[in-house]
Amino acid sequence: MAEPAEVPEFGLDDEALWAHSTVYGPTAFAGKTVLISGGAGGIGRATGWLLGRCGAKLILTGRSEAKLGGAVEAMRARGLSVTSHVVDIREPDSVTELYRRIGEEGGFDILINSAGGQFPQAAIDFSVKGWNTVVNTNLNGTWYMIQGAARAWRDAGRPGSVITIVVVTRQGLHGVAHTIAARSGVVGLTQALAVEWAPLNIRLNCIAPGVIETPGWRVYDPRALEAYPKSNPMMRNGTVWDVAEACGYLAGPGAEYVTGEVLNVAGGAQLWGETWTIGKPDYFKV
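Since the model is a prediction, treat every value here as computed from it, not as a measurement.

*Asks:* Honestly, the packing of aromatic side chains in this entry has me stumped. Any pointers?
*Replies:* Geometry of an aromatic ring pair is reported as the spacing of the ring centres plus the angle between the planes. All chains considered together, the criterion is met by 8 aromatic pairs. Measuring from ring centre to ring centre gives 5.0 Å for Phe 108 and Trp 153, while their planes differ by 45°; the resulting arrangement is tilted. Of this pair, Phe 108 sits in the loop between helix 4 (92–104) and strand 4 (110–113) while Trp 153 sits in helix 5 (residues 128–156), and the two are 45 residues apart along the sequence. A residue is classified by how much of its surface remains accessible, and Trp 153, at 1% relative accessible area, is buried. Relative to Trp 131, the ring of Phe 126 has its centre 6.3 Å away and its plane inclined at 40°; by these criteria the two rings are tilted.

*Asks:* What am I meant to see in the pattern of salt bridges here?
*Replies:* A pair can form between side chains of opposite charge whenever their charged atoms are brought close. Considering all chains together, one arrives at 10 salt bridges under this definition. With a closest N to O distance of 2.8 Å, Arg 45 and Asp 14 form a salt bridge. Placement of the pair is Arg 45 in helix 2 (residues 42–53) and Asp 14 in helix 1 (residues 14–19), with a sequence separation of 31 residues. Under the relative-accessibility criterion, Arg 45 is labelled buried at 16%.

*Asks:* Would you mind going over the nonpolar core with me for this structure?
*Replies:* If you look at soluble globular proteins, the nonpolar side chains tend to sit buried side by side. Val 34, Leu 58, Leu 60 and Ile 207 are the most contacted members of the largest nonpolar core, which totals 38 residues. Contributing elements (two or more residues each) for this core: strand 1 (33–37), helix 2, strand 2 (57–62), helix 3 (65–76), strand 4, strand 5 (160–165) and helix 8 (240–251). At 8 residues, helix 8 tops the list of elements feeding residues into this core. Leaving out residues up to four positions away in the same chain, Ile 207 has contacts with Ile 163, Thr 164, Ile 165, Val 166, Val 243, Ala 246, Cys 247, Leu 250, Leu 263 and Val 265. Ranked by size, the runner-up nonpolar core spans 21 residues in total, among them Ile 59, Ala 149, Leu 193 and Trp 197.

*Asks:* Explain the sheet that holds strand 4 to me, please; I cannot follow it from the model alone.
*Replies:* Sheet strands line up and pair through hydrogen bonds in the backbone, either parallel or antiparallel. The strand order across the open sheet formed by 7 strands is 3-2-1-4-5-7-10, and the pairing between neighbours is parallel. The strands lining the two open edges of the sheet, one partner per strand, are strand 3 (82–86) and strand 10 (262–265). Averaged over all pairs of adjacent strands, the angle between strand axes in this sheet comes to 20°, irrespective of strand direction. Here strand 1 pairs with strand 4 via 4 bridges, running parallel. Following the sheet pairing, Ile 36 is matched in strand 4 by Ile 112. Lying on the sheet, helix 3 is in contact with strand 2 and strand 3; it crosses strand 3 at an angle near 175°.

*Asks:* What am I meant to see in the environment of Lys 57 here?
*Replies:* Of note, Lys 57 is situated in strand 2. Remark: the alpha-carbon pair of Lys 57 and Ser 81, spanning 24 residues in sequence, is separated by 5.1 Å.

*Asks:* Would you mind showing me how to read the confidence of the model for the protein chain here?
*Replies:* Close reading of the predicted structure is inappropriate where its pLDDT is low. Counting all residues, the mean pLDDT for the protein chain is 94, and 97% of those residues have values of 70 or more. In the predicted structure, residues 1–5 sits below a pLDDT of 50 and forms 0 contacts with residues beyond four places in sequence or in another chain.

*Asks:* Got a minute to help me understand the pairing of strand 3 in this structure?
*Replies:* On a regular strand, one side chain projects to one face of the sheet and the next to the other, so that they alternate. Judged from the 5 bridges that link them, strand 2 and strand 3 form a sheet pairing that is parallel. Across the sheet, the residue bridging to Leu 58 is Val 82, located in strand 3.

Conventions used here
- Residues numbered from 1 in each chain as written.
- Predicted model: local features only at pLDDT ≥ 70, side-chain atom pairs only at ≥ 80, totals over all residues.
- Heavy atoms only, no water.
- Phe/Tyr/Trp six-rings, centres within 6.5 Å; stacked < 30°, edge-to-face > 60°.
- Helix = DSSP H or I, 4+ residues; strand = E, 2+ residues; numbered from the N terminus.
- Buried < 20%, exposed > 50% of the residue type's maximum accessible area, 1.4 Å probe, protein only.
- Salt bridge = Lys/Arg side-chain N within 4 Å of Asp/Glu carboxyl O.
- Core = buried A, V, L, I, M, F, W, Y, C linked by side-chain atoms within 4.5 Å.
- Contact = heavy atoms within 4.5 Å.
- Pairing = 2+ DSSP bridges.
- Axes fitted to C-alpha atoms, helices over the stretch in contact; angles between N-to-C directions.
- pLDDT = per-residue confidence, 0-100.

This is the structure in structure tokens:
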């Protein structure tokens, strides 16, 4: 019997996230409480490690209690201040209950919207369920989190900052049209709210990552992944730490005069290149 093919590992593990160098000092976020949706894995987990190492109190959320527990345990073992709450961002009542509980615990200062998901597929083959699942998570769920945060800050009379992870929507990302639609909506929403909520001293910005290695890549087509490093002018994949550092900038005092922006962390993919998550069709090969 043939040996099963080894599944490649992608992304940075907790030891790497604990030890990774950063431009921020150990007290850069002291006194701040950061709420991170999708905080148990990928970009959310990396951002938690970075801001927690820099003195922030962390509140991680996600749908899996087991995954959240693993993240909390790993971070607490290194002395980080972190708690977690199970929440389904697609359900408004679940989000409302989350903010009620956080309010009882003292509130928060920064929201990182990292929760989301999509699957590579030709758009012509999307089912109604598949389309609705992605849009409901990435657009509606993000909106519920943003609105709930703003209401909490308004009622408490305190400023706030929202950072939402989207995708490079301007060009060159193919095979995930459902998330392009949803994330484009989030970008437009962010820009509209940046104006509307400026009187409340609430800033809103987005980060658009390019090809970022995460554990989720394990289920992608290996043939598509082989082309990823050549999808941008820098000719390489990015890491979750690259995005975490960008979150640190937008969440920190260096960006206090920045709102309504989309920060591309994509190796220039928003300017040149193409990423085919479903593999490049022969028609476009030259």
